[in-house]
Amino acid sequence: MTDLNPIRRDGELVNPKRVYRIYCEENLKVRIRRRKRLAVARGQMTIPSGPNIRWSMDFTSDTLYSGRRYRTLNVVDDFSRDSLGIDVAFSIPSGRVTRFLDRLIWVYGKPEKITCDNG
């Protein structure tokens, strides 16, 4: 469907199906992007009661002066808010992530949970 706000601002009542039909008949190419929404509402995360209960993992990226992009993998203990490790590379494939997590588990012990956003 199309955005009807400009038409509604003029004070006219508009049938959205009619506007869409005219839009298609005129072969207009500009499409209105709809905002994607999460299907499931997230609850509040509880604060862990001790270290190594939950780690959080996040990927970030930045660019060098030359324009080349690099990525970092950050792992944080949610109880103490300590940074357990940061892996920096131009590319971080899944094998490198598992090796990095195995090394952190060898040093700090195995957590009960690891959370990661969709980044």
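So, here's what we can say about the structure. Only a predicted model underlies this, so the values are computations on that prediction, with no experimental measurement involved.

Here we come to helix H2 (residues 16–25). In this structure Asn-15 caps H2, since a side-chain oxygen of it lies 3.1 Å from the backbone nitrogen of Lys-17. Directly after H2, the chain includes Asn-27, whose backbone phi takes a positive value near 55 degrees.

It is worth spelling out the sheet that holds strand E1 (residues 54–63) at this point. Pairing within the open sheet is mixed, and its four strands lie in the order E3-E2-E1-E4. Strand pairing shows two members of the sheet lacking a second neighbour, strand E3 (83–89) and strand E4 (113–116), which therefore form its edges. If you compare each strand with its neighbour and ignore which way they point, the axes differ by 20 degrees on average. Summarising the sheet, strand E2 (residues 69–77) and E3 pair through six bridges and their orientation is antiparallel. Each bridged residue has a counterpart across the sheet, and for Arg-71 the counterpart in E3 is Ala-89. In this fold helix H3 (residues 94–108) packs onto E1, E2 and E3, with an angle of close to 155 degrees to the strand it touches most, E3.

The next point concerns the packing of aromatic side chains. Using the criterion set out here, one finds zero aromatic pairs in the structure. The cationic tip of Arg-68 hangs over the ring face of Phe-90; the distance from NZ or CZ to the ring centre is 3.6 Å.

Moving on to the nonpolar core. Ranked by size, the top nonpolar core spans eleven residues in total: Trp-55, Met-57, Leu-73, Val-75, Leu-84, Ala-89, Ile-92, Val-97, Phe-100, Leu-101 and Leu-104. Where this core is concerned, the elements lending two or more residues are E1, E2, E3 and H3. Looking at this core element by element, the count peaks at four residues for H3. Ignoring any residue separated from it by four or fewer positions in sequence, one finds Ala-89 in contact with Tyr-70, Arg-71 and Arg-96.

Criteria and cut-off values
Residues numbered from 1 in each chain as written. Predicted model: local features only at pLDDT ≥ 70, side-chain atom pairs only at ≥ 80, totals over all residues. Heavy atoms only, no water. Polar contact = N/O pair within 3.5 Å; in protein donor to acceptor, adjacent residues only side chain to side chain. Helix = DSSP H or I, 4+ residues; strand = E, 2+ residues; numbered from the N terminus. Pairing = 2+ DSSP bridges. Axes fitted to C-alpha atoms, helices over the stretch in contact; angles between N-to-C directions. Contact = heavy atoms within 4.5 Å. Phe/Tyr/Trp six-rings, centres within 6.5 Å; stacked < 30°, edge-to-face > 60°. Lys NZ or Arg CZ within 6 Å of the ring centre and 35° of its normal. Core = buried A, V, L, I, M, F, W, Y, C linked by side-chain atoms within 4.5 Å. Buried < 20%, exposed > 50% of the residue type's maximum accessible area, 1.4 Å probe, protein only.

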